[in-house]
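Descriptive structure summary
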Amino acid sequence: MKLAFSTLGVPGLPMADVLRLATAHGYHGVELRAHPEEPVHPGLSPAERADVAAEFKASGVEVLSVAGYTRVAAPGDDEAVVAELWALLGLARDLGAPYIRVFPGGSSEQTPEEADATAARRLGTAAEYATDLDVRILLENHDSHRTGADAMRILGLVGHRQVGALWDVMHTWMGGEQPAESHAALSPHLGYVQVKDIASVEDTTPLPLGEGILPLADCVEILSRHGWDGWLCWEYEKRWYEEAAPLPGLLGPGRAHLSRLLNDSA
């Protein structure tokens, strides 16, 4: 498996510094948080996109994903949501990223069936454009669709190879799923896996990998047992928790911890 980290852990850090951290600590890729407050977002000009792509190529680090905030199940008109998807797909294509990340974002105003159908319709509409660009749309299990079983309700309706799953191990665990259950639900569609650690359900402040209670060893063991050789991406949510320790000093020990888990599961 290859290792990456998300720029959610280093809010606003210039790309040159992000890439220095990745190369210094042996990470193969970076998940780019695509938000206007970050250096990389859909508003970049073609020249700016080319500069970012060139920086990554020169460093030997891969752009794993463009992590957007489109909520595909949210109430409202389809047009604006599909336009957001197209913008993220175009950015990923220009940067050489194989994936974009989207959220479900269903509302209490909807029935589960309405939310599922809304998300599937929009994802299906964007799937052909994603195919043309050779970028895959990954639905993260999150918010209204926290578990693998929840996400599969949408993915089963879409039924398109260019629309898959991003497994966030914290949210499936907090939703009451065991890693084997989450893997069974998501594995036919799995793009990559987000790892992290926390103290408890009540305290989700990010912790160094291995210092919390999330079943990371079980997740890695299941993936290894099934011969999966994709990406593990550390999503350290520093942007939302100012009190959390800075990520740069944790990247080395974090990579060592993931390497131990991979060795133990081999």
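Residues numbered from 1 in each chain as written. Predicted model: local features only at pLDDT ≥ 70, side-chain atom pairs only at ≥ 80, totals over all residues. Heavy atoms only, no water.

Comments concerning the side chain of Asp197
Among the structural elements, Asp197 can be located in the loop between strand 7 (190-195) and helix 8 (216-225). One buried charge, Asp197, has no salt-bridge partner; the nearest side chain with opposite charge is Arg260, at 10 Å. In terms of polar contacts, Asp197 uses its side chain to reach the backbone amide nitrogen of Glu211, at 3.4 Å. Separated by 3.2 Å, the side chain of Asp197 and the backbone nitrogen of Ile213 make a polar contact. Each residue touching Asp197, except ones within four places of it in the same chain, is listed here: Thr205, Pro206, Leu207, Pro208, Leu209, Gly210, Glu211, Gly212, Ile213, Leu214 and Leu216. (Helix = DSSP H or I, 4+ residues; strand = E, 2+ residues; numbered from the N terminus. Buried < 20%, exposed > 50% of the residue type's maximum accessible area, 1.4 Å probe, protein only. Lys, Arg positive; Asp, Glu negative; His and termini not counted. Salt bridge = Lys/Arg side-chain N within 4 Å of Asp/Glu carboxyl O. Polar contact = N/O pair within 3.5 Å; in protein donor to acceptor, adjacent residues only side chain to side chain. Contact = heavy atoms within 4.5 Å.)

Focus on the packing of aromatic side chains
Here the structure, examined in full by the defined rule, presents five aromatic pairs. Note on Trp86 and Tyr129: the rings are 5.2 Å apart at their centroids and 50° apart in plane angle, and the pair reads as tilted. Here Tyr129 lies in helix 4 (residues 112-133) and Trp86 lies in helix 3 (residues 78-95), a separation of 43 residues in the sequence. Seen in terms of ring centroids, Tyr99 and Tyr192 are 5.6 Å apart; in terms of plane orientation they differ by 40°. Their pairing is tilted. Within this pair, whereas Tyr99 is found in strand 4 (residues 99-103), its partner Tyr192 is found in strand 7, the two being separated by 93 residues in sequence. (Phe/Tyr/Trp six-rings, centres within 6.5 Å; stacked < 30°, edge-to-face > 60°.)

A closer look at the state of the cysteines
As enumerated under the stated definition, the model contains zero disulfides in all. Residue Cys219 stays outside any disulfide, its sulfur separated by 14 Å from that of Cys233, the closest cysteine. Relative accessible area serves as the criterion here: at 4%, Cys219 is assigned to the buried category. By relative accessible area, Cys233 is classed as buried at 0%. (Disulfide = S-S within 2.5 Å.)

Some details on the packing of helix 8 against helix 9 (residues 251-265)
Here helix 8 crosses helix 9 at 50°, and the two axes come no closer than 9 Å. By the criterion of interaxial angle, the relationship of helix 8 to helix 9 is oblique. Seen along the crossing, helix 8 lies across helix 9 with a hand that is right-handed. Facing helix 8, whose interface residues are Leu216, Ala217, Val220, Glu221 and Ser224, helix 9 presents Leu261, Leu262 and Ser265. Residue composition of the contact of helix 8 with helix 9, grouped by class: five nonpolar, two polar and one charged. (Axes fitted to C-alpha atoms, helices over the stretch in contact; angles between N-to-C directions. Parallel < 35°, antiparallel > 145°, perpendicular 65-115°, else oblique. Left-handed = near helix turned anticlockwise from the far one by under 90°. Nonpolar A, V, L, I, M, F, W, Y, C, P; charged D, E, K, R; others polar.)

Structural notes on the side chain of Arg122
Tracing the backbone through its elements, the reader meets Arg122 in helix 4. Looking at Arg122, the relative accessible area reads 0%, which means it is buried. Sequence-distant contacts of Arg122, defined by excluding residues within four places in its chain, comprise Arg71, Val72, Ala73, Ala74, Pro75, Gly76, Asp77, Asp78, Val81, Val82 and Leu85.

Some words on the environment of Leu262
Along the chain, Leu262 falls in helix 9. By relative accessible area, which is 18% here, Leu262 ends up buried. Taking the C-alpha atoms as reference points, Leu262 and Gly230, separated by 32 residues in sequence, lie 12 Å from one another. In this structure, Leu262 is in contact with Met1, Leu3, Val220 and Leu232, ignoring residues within four places of it in sequence.

Just geometry here; none of it tells us what the structure is for.
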